[in-house]
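Listed below are the residues making up each chain.
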Amino acid sequence: MNRLSMERSAYLQHAANQKIDWYPWSDEAFEKAGQEDKPVFLSTGAVWCHWCHVMAKESFEDDEVAGILNQNFICIKLDRDERPDIDKRYQQAVSAMGNSGGWPLSVFLTPDRKAFYGGTYFPPGDSHGRPGFRKVLLQVAGFYRSKRDEADDYGRRLMEYLRPAQLSLGELDMAMLDPAATMMLSELDAENGGFGTAPKFPMAGALEYLMNRFFFSKNEFSSLAARKTLESMAKGGFHDQLGGGFHRYSVDQSWIVPHFEKMADDNAWLLKNYIHAYAIFGDEQFRYVAEGIVQFVMDVLSDPQGGFYASQDADVTPDDEGGYFTWTQEELRRLLSDEQYSTLTLHLFHERGAMHHDPGKKVLFVAVDADEIASQTGLDIGRVKQLIGDGKRALLQARNLREAPYIDRTLYTSLNGMMISSFLHAYMVIKKEKIKDFALLSLERVVKRHLVNGELYHSEGVKGVLDDYIYMVDALLTAYEVTADPSYLKTADDTMKQCIVKFWDRDSGGFFDTAEEVLGIRLKAVEDIPHPSSNGLAIMQLLRLFHMTSEDTYLEYAERALRLFSKIAQDLGLHAGYYFCALNAYYQMVRLTVQASSDSELGETARRCFYPYKVICYGKDNGLVVPCLASGVCLEPLGNPGRLREFLKNPS
């Protein structure tokens, strides 16, 4: 048992029985490295990470490796979910070395915390073009002993290189919106949906932007790109065809074979994408997928007392990648009736879903649609759908009896803010009270636990970063729109003011990712990697608060940040999707002041009728809704739900 046994993090706890003399991230570890003149070996990963488990089994649980590490290094284990700020900086350092980032991240540091060498997964011995970990450890230790000055100098220069470049203010122009969409569309995989090649991540900000551009411009290319991507993801093994929800990313170009971990952040953003797609396009399949995400989250990633868990692991054991989620033909034959078997094997079971390490096990994905099965077999389409539904329920029931992958039950503020906001957006569209009730219960619990005297915490004992503040403001403002409870608006207002004090760059604008320097650096970015950037989301919340509170300073901060990132966003294209959502909102946000009871038909209409950039406020009850445009022009009050619906279809 090592020092990690006392840590809160599930990932660190999993390494507590290893023979390595692990330290958690601490001053004590680096002081020890300085006293003994040893380099630091930092391993950063997460409890959901397949290759982290593989490296733990192959190397960290190996007596020889443990001996080399304990003799030559001071060893630190870091949970990237608990300390995303530290992980992010070392990810960038390893990338700057010319190596790919990812997890597990393996970084070698000087005693003053500067990286001088690193990589990701190292096999125990030379394999597939990768150097063996034992060899790497001995070579790094030898280099540090013989060329200490070089290690120090390289580490210093590398960390200086990571400091963000100074940005200059650009101009804002509504004419930037359509070229941004065109640039995103240029990266579309027209055959498979999504953007670029394998591995494929859902680019939630870009999807949101393209759908919203279609809403305003009726550009069919934007519509086709968004719909094709959402449909392809939903049919793939990237989407859990039995239990709902999505895995982290697809290892192939066709969304068939995923990396199997299921993350709160991915599912929160995809829920928002699919629920908005349903609101815009009216396609029932998008509602079905959205409701499946909600059901998965409620079943697997929810605390009954309120709050959303962080993740579900990829595997039960590192030897059987995706074993919990994959199936053999013999299992299907045993569990299904003859009719279900013949239908399900056509529908979901295909050679393209074969796992690389065990081709007999397959990921389920939609290989043949129900309509085509009906055509091939002569069965009635209703019967085909019934067989598919009954067969999937039988398989899910059997899967639920398997040993399930580990669930990280940590309640991180940022992840909860994301999911609460998405649940409330889903409620406003599909009107299921249990979704709203659980979101509000979760909000109450997280605020009570993590908002202490105006200071927001990421998790117990870990101070909040920008993501925590911004996602919590988003959740609070959405809760106000749903409930008309002014306490949510006040807490959001107070939290954003604290956020500005802690994170705003007073010299040039925009938000830093941390309140203070971490490793001597404060980062400031607008790139979606792959989730929407916190700066893009922050601009959106500043605009919402301006329209809700009429405080001009919020608009000034939003305009400053939009101008600061305008040049780089135009170069980023696809990876600045949410920045362009915020820019679009700057020009086309609509404020609805509901002067009616929140549960009236007029109040319900204001919430349920979709408009991409809509802000709802509440005033005295005189049976009217007062619409105002982003230009500041307030229009004729509306007292009829039908007229309000028509206005939101075309407010200009």
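The structure we're discussing is the one just above.
Residues numbered from 1 in each chain as written. Predicted model: local features only at pLDDT ≥ 70, side-chain atom pairs only at ≥ 80, totals over all residues. Heavy atoms only, no water.

Colleague: Looking at this model, I keep getting lost on the overall build of the protein chain. Mind explaining?
Modeller: Counting secondary structure elements, the protein chain contains 25 helices and 18 strands. The globule rule puts the C-alpha radius of gyration for 652 residues at 26 Å, and the 26 Å found for the protein chain is close to it. Projected onto its principal axes, the C-alpha coordinates of the protein chain cover approximately 80 × 70 × 45 Å. Expressed as a percentage of the 652 residues in the protein chain, the buried residues total 60%. Long-range pairs, those at least 24 residues apart, make up 69% of the contacts in the protein chain between residues at least 6 apart in sequence. Of the roughly 25,800 Å² that the protein chain leaves accessible, carbon and sulfur atoms contribute 48%. Positive and negative side-chain charges of the protein chain, numbering 70 and 91 respectively, have mean locations separated by a distance of 1 Å. (Helix = DSSP H or I, 4+ residues; strand = E, 2+ residues; numbered from the N terminus. Rg over C-alpha atoms; globule rule 2.2 N^0.38 Å. Buried < 20%, exposed > 50% of the residue type's maximum accessible area, 1.4 Å probe, protein only. Contact = heavy atoms within 4.5 Å. Areas by Shrake-Rupley, 256 points an atom, 1.4 Å probe, with all protein chains shown as cover. Lys, Arg positive; Asp, Glu negative; His and termini not counted. Charge placed at Lys NZ, Arg CZ, Asp CG, Glu CD.)

Colleague: So what exactly am I meant to see when it comes to empty space enclosed by the protein here?
Modeller: Over the atoms, a rolled probe matching the size of one water molecule traces out where space is still vacant. Per the counting criterion, the structure on display carries two cavities of 30 Å³ or more. Roughly 390 Å³ of volume is contained in the largest cavity. Listed by contribution, the elements that provide at least two residues to the lining of the largest cavity are α9 (204-217), α11 (264-281), α17 (413-430), α19 (466-483), α21 (534-549), α24 (601-608) and β17 (614-618). Broken down by element, the residue count for the lining of the largest cavity peaks at four residues, all from α21. Residue composition of the lining of the largest cavity, grouped by class: 14 nonpolar, four polar and eight charged. Looking at the second largest cavity, its volume works out to about 60 Å³. Around the second largest cavity, the lining residues are G237, H239, D240, Q241, L242, H247, F260, F325, W327, V363, L364 and R399. (1 Å grid on protein atoms, 1.4 Å probe; cavity = no way out; pocket = protein on both sides within 12 Å on 5 of 7 lines; lining within 4 Å. Points joined across faces, edges and corners; volume = space filled by probe spheres on them. Nonpolar A, V, L, I, M, F, W, Y, C, P; charged D, E, K, R; others polar.)

Colleague: Where do I start with α11 in this structure?
Modeller: The periodicity of an α-helix, 3.6 residues per turn, causes residues three or four places apart in sequence to face the same way. The terminal C-alpha atoms of α11, which comprises 18 residues, lie 25 Å apart, in line with the 26 Å expected from a rise of 1.5 Å per residue. Counted residue by residue, α11 has 17 buried out of 18 residues, so it is predominantly covered. Looking one or two residues past α11, G282 carries a phi angle of roughly 70 degrees, positive in sign. (Expected span 1.5 Å × (residues − 1).)

Colleague: Would you take a moment to explain the pattern of salt bridges for this structure?
Modeller: Where charged atoms from two side chains of opposite charge come close, those side chains can pair. Applying the stated criterion across every chain, the model contains 52 salt bridges. With a closest N to O distance of 2.8 Å, D303 and R445 form a salt bridge. Note that D303 is positioned in the loop between α12 (284-300) and β9 (311-312) and R445 in helix α18 (residues 433-450), a separation of 142 residues in sequence. Using a relative accessible area of 18% as the deciding quantity, one classes R445 as buried. Shared partners join several salt bridges into a network, and the residues in it are K431, E433, K436, E604 and R607. (Salt bridge = Lys/Arg side-chain N within 4 Å of Asp/Glu carboxyl O.)

Colleague: Got a minute to help me understand the packing of aromatic side chains in this structure?
Modeller: To describe a pair of aromatic rings, one takes the distance between the centres and the angle between the planes. Counted according to the given criterion, the structure contains 39 aromatic pairs. Between W25 and F30 the ring centres are 5.0 Å apart and the planes differ by 70 degrees, which places this aromatic pair in the edge-to-face class. Both residues of the pair, W25 and F30, belong to the buried class. With a centroid separation of 5.9 Å and an interplanar angle of 10 degrees, the aromatic rings of F260 and F325 are classed as stacked. Within this pair, whereas F260 is found in the loop between β7 (258-259) and β8 (262-263), its partner F325 is found in the loop between β9 and α13 (329-335), the two being separated by 65 residues in sequence. F325 matches F260 in its accessibility class, with the two residues each being buried. Taken together, W22, F41, F60, F73, F108, Y117, F122 and F133 form an aromatic cluster joined through their ring pairs. Positioned above the aromatic ring of Y23, the side-chain terminus of R3 is 3.7 Å from the ring centre. (Phe/Tyr/Trp six-rings, centres within 6.5 Å; stacked < 30°, edge-to-face > 60°. Lys NZ or Arg CZ within 6 Å of the ring centre and 35° of its normal.)

Colleague: Got a minute to help me understand the sheet that holds strand β5 (residues 115-119) in this structure?
Modeller: Strands belonging to one sheet form pairs held by backbone hydrogen bonds; the direction of such a pair is parallel or antiparallel. With mixed pairing, five strands are arranged side by side in an open sheet as β1-β3-β2-β4-β5. What marks the edges here is a single partner per strand, and that holds for β1 (22-24) and β5. Across the sheet, the mean angle separating the axes of adjacent strands is 30 degrees when strand polarity is ignored. Note: strand β4 (residues 105-109) against β5, four bridges, orientation antiparallel. Looking across to β5, one finds that S106 is bridged to G119. Where helix α3 (residues 50-60) meets the sheet, it contacts β1, β2 (40-45), β3 (74-79) and β4, and its direction lies at approximately 140 degrees from that of β2. Where helix α6 (residues 133-146) meets the sheet, it contacts β2, β4 and β5, and its direction lies at approximately 170 degrees from that of β5. (Pairing = 2+ DSSP bridges. Axes fitted to C-alpha atoms, helices over the stretch in contact; angles between N-to-C directions.)

Colleague: Just checking my understanding: could you explain the nonpolar core for this structure?
Modeller: Among soluble globular proteins, nonpolar side chains are generally buried collectively. Membership of the largest hydrophobic core comes to 135 residues, with the highest contact counts inside it found for Y274, F423, Y579 and F580. If one sorts the elements of this core by residue count, α19 sits on top with twelve residues. In terms of nonpolar packing, the next biggest core, distinct from the first, is built from 36 residues, C52, M55, F108 and L137 among them. (Core = buried A, V, L, I, M, F, W, Y, C linked by side-chain atoms within 4.5 Å.)

Colleague: I'm lost on helix α16 (residues 381-399) in this one. Help?
Modeller: Spanning 19 residues, α16 covers 27 Å between terminal C-alpha atoms, matching the ideal 27 Å at 1.5 Å per step. Along α16, the residues classified as buried are V384, L387, I388, G389, G391, K392, L395, A398 and R399. On its buried side, α16 packs onto α12, α13, α14 (338-347) and α15 (370-377). Sitting at the head of α16, D380 places a side-chain oxygen 2.9 Å from the backbone nitrogen of G382. (Polar contact = N/O pair within 3.5 Å; in protein donor to acceptor, adjacent residues only side chain to side chain.)

Colleague: Help me understand the packing of helix α8 (residues 177-185) against helix α23 (residues 577-588) in this model?
Modeller: Helices that pack against each other are described as a pair by the angle of their axes relative to one another and the distance between those axes. For the pair α8 and α23, the least separation of the axes is 10 Å and the interaxial angle reads 155 degrees. With respect to α23, the element α8 is oriented roughly antiparallel. The crossing of α8 and α23 is left-handed. Residues L177, A180 and M184 of α8 touch α23, and the partners they reach there are G577, F580, L583 and N584. (Parallel < 35°, antiparallel > 145°, perpendicular 65-115°, else oblique. Left-handed = near helix turned anticlockwise from the far one by under 90°.)

Colleague: Looking at this model, I keep getting lost on the sheet that holds strand β12 (residues 407-408). Mind explaining?
Modeller: Pairing in this open sheet of three strands is antiparallel, and the strands run β8-β9-β12 from one edge to the other. Each having just a single partner strand, β8 and β12 make up the two edges of the open sheet. Direction of pairing for β8 relative to β9: antiparallel, over a ladder of two bridges. Among the inter-strand pairings, K262 is bridged to a residue of β9, identified as Q312.

Colleague: What's the story with the state of the cysteines in this structure? I'm lost.
Modeller: Covalent bonding between the sulfur atoms of two cysteines is what defines a disulfide. Scanning the model with the defined rule gives one disulfide in all. The side chain of C628 participates in a disulfide bridge whose partner is C634; the two sulfur atoms lie 1.9 Å from each other. Taking the torsion about the sulfur-sulfur bond, which here is approximately 95 degrees, the covalent link between C628 and C634 counts as right-handed. A disulfide-free cysteine, C581 has its sulfur positioned 19 Å from the sulfur of C499, the nearest such atom. Note on C581: relative accessible area 1%, which makes it buried. (Disulfide = S-S within 2.5 Å.)

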